[in-house]
Structure formats: structure tokens, C-alpha cells
Amino acid sequence: MEQAARLLADLSNNAIHLQVGIHSRPRPSYNLSAMIIWALGVFIAALAAFLSAQDYRDHRKPMHPLPSSSSSAPTNERTYTAHQPSTSNSPPPDSLELTPLHALGFIVMASSALLVLFFLKIYSFVKIMYAFGCSGALTQVFFFPIYTKLFTSTKYKRYMSQVCINTPLCEIGAVSRIEVLSAVSGYALGLAWLILAFTLRHPENNVFFWVVQDIMGACMCMLFLSIIKLNSIRVASILLIVAFLYDIFFVFVTPLIFKGQSVMITVATSGGPPKADPSWCEKYPTDADCQGGDPLPMLLTVPRIADYQQGASLLGLGDIVLPGLLLSFAARFDEAKKLVGFMRTGSATPTNRSPHTCPPDSP
């Protein structure tokens, strides 16, 4: 700023002719990172929906028809039995089917949490809780399947499957060595991410930081969709409608209430964007007016490609989870239809025969 003022003073005092050319650095015409993060969000939602219907596929595969004394028994009267593997050591994961009351309660809790963050500004606490929550998701969704697949084909399979901890504390129960290794790996990676979040000025520019954050967010979405499930289109409609109104209110209506401050944007940017001009902050990043604007970690991020101004494309986890709930419901509905069709006809494809059509008489 001082150099510009000095140049203007020299031009006004000295009658000289000076030509000034403005040069602009080239920027990409297309935001490739936005396309990448869109594809990543779609992939995570589709994969989580596919995995949420795995229990129906597991029930359909081991079914076999029982031998019947009459070979002319109608197909739809056959009896099927399922020989499922023993799951005494690995009980099925708990799940919660949402009701209309749950959908309304979810929005009330989300609104309350958003207002608490807006008034108390406890953004560091949110990062800590998110890191520990995602560490658990990393353990279950990422590391445990990888280690299980890895040690299955080695001589250490029996050793890693043995129970090394058995405690009634917090209903933990029996814990195998492979589960301990998965937990140590998950929480160690989450701790490393948390240290970078508090020590770097702009951690989103660090490759390790944003890659780990995207992996943690993907694991959290898949774990959420494997536990929280819809049981009807009516619940899905209520949830998506109230979520739409929730977004509209906290983004566009709250500035009319809180003197121009949008609650959603303020919380999402950890207190709001910097007050100073971006060009000033680029030269003096430690200035007090250049602080703030770092987004909360509950999102996926991909830095802009070949853009000297840096920045990143962001996608909130809620934008993946809410449509993912509907995708999960559709996937489980399709697999349930296949299971019912298999039990009736012995084929995974359900028949389209009208229920009022009688089978032809036997000769």
C-alpha cells in the first residue's frame, strides 16, 4: 500500500509519461476439483447403500430347498432352510430404523447443536470430538476389513483371531488381537490428523491432512448408513423436507435475525471469513484480521487443481448422508424383493404372475 501511494505521488509531482500494464496470472477455466469431489460423494453414497443391504444377500446365498416327499409339489410351496455360519464371536451390528419422530428429533438436535456452536464458539472441541469419532469409524470400516483380509491368507490367522482382552467394562467383552491392531491403527491416524489440525495455520493445504480427512469422512458416512436406516418412503420424505427447511432457515433467514450473520456459514467457517482483503492477507497472513475462515472438518475437501490462488472444493457429510439414507432404503428394498422371490420360486428374480391366477391343473 505504501509503495502504491509513493508511486502515485511521484506521478503527480513529475510530469512524465508512464505506461502501466496489468498482468493477470492464468487460472483454469474449469474447476476439476469440484467434479472430483462430486464423483467422490456419489461413490461413497452408492457404496454405503450397497453395503447396507449385505445382510439380505447373506440370507439369500446359503438357502437350499429341503427334500420333499412329493416331486409334484408346487414350486411356491417348497420349504427352504438357511445354513448360516456361526456368528457367536461377531454379533451383528446394532441398527436403528428411523421413524417420523426420529426425523423431527434429528432436526431439533441439529439445530440446537448449531446454535450452541454459534454462541459458544467451541470449534476446537468439535475438532477433537470429530477426530475421535472418525477414529472409531476408521477402525471398523477401513482397518479391520483390511487386516482381516491380509491375515486370512497367512499363517498368523489363528494367532490374530485369538482373544487377548476380555473385560465387561462398557460392554466391550472379548477382543481379538486383530481388533486391537485395528483400533491402534485407527486412533493413531486420527491423532496424527488432530495434531496437524492444531499446529498448521492452514492444514487443508497439507496433502496428508486432507487425504486423511476425506478417508475419515467416507468411513463415517458408511458407518452411519450401516446403522441408521429408513423403513418407509414416508419417513424419508419427512426427513428430507425438514432438512431442506432447516438449511433454508439457518442459511438465509438467520441473517435477518442476527444482524447479517448467517448461523450456518459462521459455524461452517469457524467464526466467519477473514475481515481483511484477500490480497492483504496473502501478503500479511499473520495479521489479526486475516485469521478465521477455516472450515470445520465435517466435510470432504479436494484442493483446486492448477490454481495459484489455492482454495478447495468442499462437500459436507450431510449432503452425502441424507441422500444416502434414501439410496440405502432403495437398495435394501430391492434385495428384500429378491429374497422373497427366491423363497417363493427358488430364483432371485421375483415372478410377475398375478396373485389371482391359479396354476394349471395337473393332468
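Higher on the page you've got the structure.
This write-up is about the structure you can find in this document. Since the model is a prediction, treat every value here as computed from it, not as a measurement.

### Some points on the overall build of the chain
Right, on to step 1. Looking only at helices and strands, the chain features 12 helices and 8 strands.
Right, on to step 2. Residues counted as buried form 29% of the 363 residues belonging to the chain.
Right, on to step 3. In the chain, the proportion of contacts linking residues at least 24 apart, taken out of those at least 6 apart, comes to 66%.
Right, on to step 4. When the accessible surface of the chain is split by element, carbon and sulfur atoms take 64% of a total near 24,000 Å².

### Details of the side chain of Ser 328
Right, on to step 1. Inspection of the secondary structure assignment puts Ser 328 in helix α12 (residues 318–345).
Right, on to step 2. Note on Ser 328: relative accessible area 1%, which makes it buried.
Right, on to step 3. Ignoring any residue separated from it by four or fewer positions in sequence, one finds Ser 328 in contact with Ala 49, Ser 52 and Leu 225.

### Brief notes about the packing of aromatic side chains
Right, on to step 1. Across all of its chains, the model carries 12 aromatic pairs by this definition.
Right, on to step 2. With 5.0 Å between their ring centres and 85° between their planes, Phe 142 and Phe 143 make a pair best called edge-to-face.
Right, on to step 3. Accessibility expressed as a relative area gives 30% for Phe 142, which makes it partly exposed.
Right, on to step 4. Through successive ring pairs, a cluster of aromatic residues spans Phe 142, Phe 143, Tyr 147 and Phe 151.
Right, on to step 5. We note Arg 57 situated over the ring of Phe 50; from NZ or CZ to the ring centre the distance is 3.9 Å.

### Some thoughts on helix α4 (residues 100–120)
Turn by turn, an α-helix covers 3.6 residues, leaving residues three or four places apart pointing in a common direction.
Right, on to step 1. Over its 21 residues, α4 runs 30 Å from end to end, which matches the ideal 30 Å to within 8%, given 1.5 Å per residue.
Right, on to step 2. Within α4, the full set of buried residues consists of Ala 103, Ile 107, Ser 111, Leu 114, Leu 117 and Phe 118. The buried residues of α4 occupy one face: seen down the axis, they fall within an arc of 130°. Of the exposed residues in α4, those oriented more than 90 degrees away from the buried face are Leu 101, Val 108, Met 109, Phe 119 and Leu 120.

### Comments concerning the packing of α4 against helix α9 (residues 233–257)
Right, on to step 1. Running from N to C, α4 and α9 point in directions that differ by 20°, and their axes come no closer than 8 Å. Taken as axis vectors, α4 and α9 run roughly parallel relative to one another. In terms of crossing hand, the pair formed by α4 and α9 is right-handed. From α4, Pro 100, Ala 103, Leu 104, Phe 106, Ile 107, Ala 110, Ser 111, Leu 114 and Leu 115 reach across to α9, where they touch Arg 234, Val 235, Ile 238, Leu 239, Val 242, Ala 243, Tyr 246 and Phe 250.

### Quick word on the nonpolar core
Right, on to step 1. Among the nonpolar cores identified, the biggest contains 42 residues, and Leu 98, Trp 193, Met 216, Leu 230, Leu 300, Ile 320 and Leu 325 are the most heavily contacted of them.
Right, on to step 2. Among the secondary structure elements, those contributing two or more residues to this core are α2 (32–52), α5 (123–152), α7 (177–199), α8 (207–227), β6 (228–230), α9, β7 (299–303) and α12.
Right, on to step 3. Top contributing element to this core by residue count: α8, with 9 residues.
Right, on to step 4. When neighbours within four sequence positions are excluded, Ile 320 is seen to be in contact with Gly 41, Ile 44, Ala 45, Cys 221, Leu 300 and Leu 315.
Right, on to step 5. Of all hydrophobic cores here, the second largest spans 14 residues; its members include Leu 117, Val 263, Val 267 and Leu 296.

### What about the environment of Phe 50?
Right, on to step 1. Among the secondary structure elements, Phe 50 is positioned in helix α2.
Right, on to step 2. The spacing of Phe 50 and Ser 226 is 176 residues in sequence and 9.8 Å in space, taken between C-alpha atoms.

Procedures and definitions
Residues numbered from 1 in each chain as written. Predicted model: local features only at pLDDT ≥ 70, side-chain atom pairs only at ≥ 80, totals over all residues. Heavy atoms only, no water. Helix = DSSP H or I, 4+ residues; strand = E, 2+ residues; numbered from the N terminus. Buried < 20%, exposed > 50% of the residue type's maximum accessible area, 1.4 Å probe, protein only. Contact = heavy atoms within 4.5 Å. Areas by Shrake-Rupley, 256 points an atom, 1.4 Å probe, with all protein chains shown as cover. Phe/Tyr/Trp six-rings, centres within 6.5 Å; stacked < 30°, edge-to-face > 60°. Lys NZ or Arg CZ within 6 Å of the ring centre and 35° of its normal. Expected span 1.5 Å × (residues − 1). Arc of directions from axis to C-beta. Axes fitted to C-alpha atoms, helices over the stretch in contact; angles between N-to-C directions. Parallel < 35°, antiparallel > 145°, perpendicular 65-115°, else oblique. Left-handed = near helix turned anticlockwise from the far one by under 90°. Core = buried A, V, L, I, M, F, W, Y, C linked by side-chain atoms within 4.5 Å.

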